[in-house]
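Results of the structural survey
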Amino acid sequence: MQLLDGTSCSQQIRQEIAEQVEQLKASGKRAPHLAAVLVGHDGASQNYVGMKARDCDEVGFNSTVIRMEESVSEQELLDKIAELNADDEIDGFIVQLPLPDHMDEDKVILAIDPRKDVDGFCPENVGNMSLGLPTFLSATPNGIMELFRRYNIETEGKHCVVLGRSNIVGTPMAILLSRNTNPGNATVTIAHSRTKNLKELCASADILIVAIGKTEFVTADMVKEGAVVIDVGQTRVPDSSKKSGFRNVGDVDFDNVKDKCSYLTYVTGGVGPMTRASLLQNTLKAYQRR
Ligand code: GUN
């Protein structure tokens, strides 16, 4: 089994972006600017947003984190989004999900100007992706496509099972892999909580992409010998032996699955860093378009 190293792959991407930013600055242009809106105090979200800001520093982007209290009204968040849409200094921004229960995530995403939607979540960008038109590709699926590209993993004609149908991972992942592109051209099945014979279906996959948010859900008997397995899941589980008091657990039972795979990602240093690298790629694209 070869571990797919998202840390080193994303480092390569950041290096490529940093070189382009260097050139922009050398020619007297300003740096790209990414903003992130963080509502509330969810530990994982705070961590992700912090890492995104550090990534910006590393490649020479400007970044702004806008923190709002958990109790903020939906209207106040929509007003902030309108401000960011109109702000000429900001090339792209994200609203970190999940949002507090009193907010309608769809309504919030619809308020983002598609030209600044570097998460690629707006209907216009999802539509463009489906049609194969230039757009901001959803960060996690695009990060996974980059892993396939950079490790020369063949996807053409392969049976790919995507476990999970969320708007931000499962659904766009299935679309990207089934398009007539390289990587792509896979035969894709989207599986979810109502799928029958899930075990057998997963065991028939050449490529298994798991994004269901259930810890260690995929066990060795669900994996075909030689399969490529991508674990998108990351759940914080209490662990008193850690200084932080928790550890991250993936959707795949890594220890038992690893000997059956040709390629596998680990819960840390796998998909996460690639998602963040995609966000930087999209921000550079947003800057170049303006
Ligand atoms: N929450 C988990 N993943 C993501 C992501 O890619 N973008 C945003 N905005 N929120 C998330």
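These lines cover the structure that appears in this document, whether it is placed above or below.

Rules behind the numbers
Starting from 1, residues in each chain are numbered consecutively following that chain's sequence as written. In keeping with the predicted nature of the model, local features appear solely for residues at pLDDT of at least 70, side-chain atom pairs appear and are counted solely at 80 or more, and the whole-chain, interface and lining totals rest on all residues. Water and hydrogen atoms were dropped before computing side-chain values, which therefore reflect all heavy atoms in the structure. Per the convention used, a helix needs a DSSP run of H or I reaching at least four residues, while a strand needs a run of E reaching at least two, with both numbered from the N terminus. The reference for a compact globule is 2.2 Å times residues^0.38; the radius of gyration itself is calculated from the C-alpha atoms. For every residue, the accessible area obtained with a 1.4 Å probe (protein chains only) is divided by the maximum for its type, and the residue is called buried under 20%, exposed over 50%, and partly exposed between those limits. By definition in these notes, contact holds between two residues if any of their heavy atoms fall within 4.5 Å. Only the protein chains shown count as cover for residues, and all accessible areas are computed by the Shrake-Rupley method using a 1.4 Å probe. We treat Lys and Arg as the positive residues and Asp and Glu as the negative residues; His and chain ends play no part in the count. One atom stands in for each charge, and that atom is NZ of Lys, CZ of Arg, CG of Asp or CD of Glu. For two strands to pair, DSSP has to find at least two bridges joining them. If even one non-hydrogen atom of a residue comes within 4 Å of a molecule or strand, that residue is called near it. In protein, a polar contact requires one atom able to donate a hydrogen and another able to accept it; more generally it is a pair of N or O atoms within 3.5 Å, and residues adjacent in sequence count only if both atoms are side-chain atoms. Residues are grouped as follows: nonpolar covers Ala, Val, Leu, Ile, Met, Phe, Trp, Tyr, Cys and Pro; charged covers Asp, Glu, Lys and Arg; every other residue, Gly included, is treated as polar. Aromatic pairing here means that ring centres of Phe, Tyr or Trp (its six-membered ring) are within 6.5 Å. Orientation follows from the plane angle: under 30 degrees is stacked, over 60 is edge-to-face, and everything else is tilted. Note on criteria: charge over ring means Lys NZ or Arg CZ within 6 Å of the ring centre, with the direction from the centre no more than 35 degrees off the ring normal. For helices, the axis comes from a line fit to the C-alpha atoms of the stretch in contact; other axes are also lines fit to C-alpha atoms, and the angle between any two N-to-C directions lies between 0 and 180 degrees.

1. Things to note about the overall build of the protein chain
Within the protein chain one finds 10 helices and 11 strands. Since a compact globule built from 290 residues should have a radius of gyration of about 19 Å, the 19 Å found for the protein chain is in line with a globular shape. Its C-alpha atoms put the protein chain at 50 × 40 × 35 Å along the principal axes. When each of the 290 residues of the protein chain is scored for burial, the buried share is 50%. For the protein chain, restricting intrachain contacts to residue pairs at least 6 apart in sequence, the fraction spanning at least 24 positions comes to 72%. Total accessible area computed for the protein chain in this model is approximately 13,500 Å², and 47% of it derives from carbon and sulfur atoms. The averaged location of the 40 negative side-chain charges in the protein chain is 2 Å from the averaged location of its 31 positive side-chain charges.

2. Some points on the sheet that holds strand S6 (residues 187-191)
Read from one edge of the open sheet, six strands run S1-S11-S8-S7-S5-S6, paired in parallel fashion. Among the strands making up the open sheet, the edge pair consists of strand S1 (2-3) and S6. Here four bridges tie strand S7 (residues 207-210) to strand S8 (residues 227-231), and the two strands are oriented parallel to one another. Each residue of the ladder has a partner; that of Val210, found in S8, is Asp231.

3. Some thoughts on the environment of Met1
Inspection of the secondary structure puts Met1 in the segment before S1. The sequence separation of Met1 and Val228 amounts to 227 residues, and the corresponding C-alpha distance is 9.2 Å. Excluding residues that lie within four positions of it along the chain, Met1 makes contacts with Phe254, Lys258, Cys261, Ser262 and Leu264.

4. Some details on the site of the ligand
Around the ligand, the structure places Val95, Gln96, Leu97, Asp119, Phe121 and Ile168. In the model, a nitrogen atom of the ligand is placed 3.3 Å from a nitrogen or oxygen of the Gln96 side chain. Looking at the shell around the ligand, its residues break down into four nonpolar, one polar and one charged.

5. Focus: the packing of aromatic side chains
Here the structure, examined in full by the defined rule, presents two aromatic pairs. Ring geometry for Tyr151 versus Tyr263: centroids 6.4 Å apart, planes at 70°, classification edge-to-face. Of this pair, Tyr151 sits in the loop between helix H6 (139-150) and strand S5 (159-163) while Tyr263 is found in strand S11 (residues 261-264), placing the two residues 112 residues apart along the sequence. A residue is classified by how much of its surface remains accessible, and Tyr151, at 19% relative accessible area, is buried. With centroids separated by 4.8 Å and ring planes inclined at 75°, the aromatic side chains of Phe254 and Tyr266 adopt a geometry described as edge-to-face. Of this pair, Phe254 sits in helix H9 (residues 254-257) while Tyr266 sits in the loop between S11 and helix H10 (271-289), and the two are 12 residues apart along the sequence. Here the guanidinium or amino end of Arg289 rests over the ring plane of Phe136, the centre of that ring lying 4.5 Å away.

6. Quick notes on the sheet that holds strand S3 (residues 62-68)
A sheet is described by the order of its strands in space; here three strands give the open sequence S3-S2-S4, paired in parallel fashion. Looking at which strands have only one partner, the edges of the open sheet turn out to be S3 and strand S4 (92-95). Pairwise comparison of adjacent strand axes, ignoring direction, gives a mean angle of 15° for this sheet. Lying on the sheet, helix H3 (residues 74-86) is in contact with strand S2 (33-39), S3 and S4; it crosses S3 at an angle near 165°.

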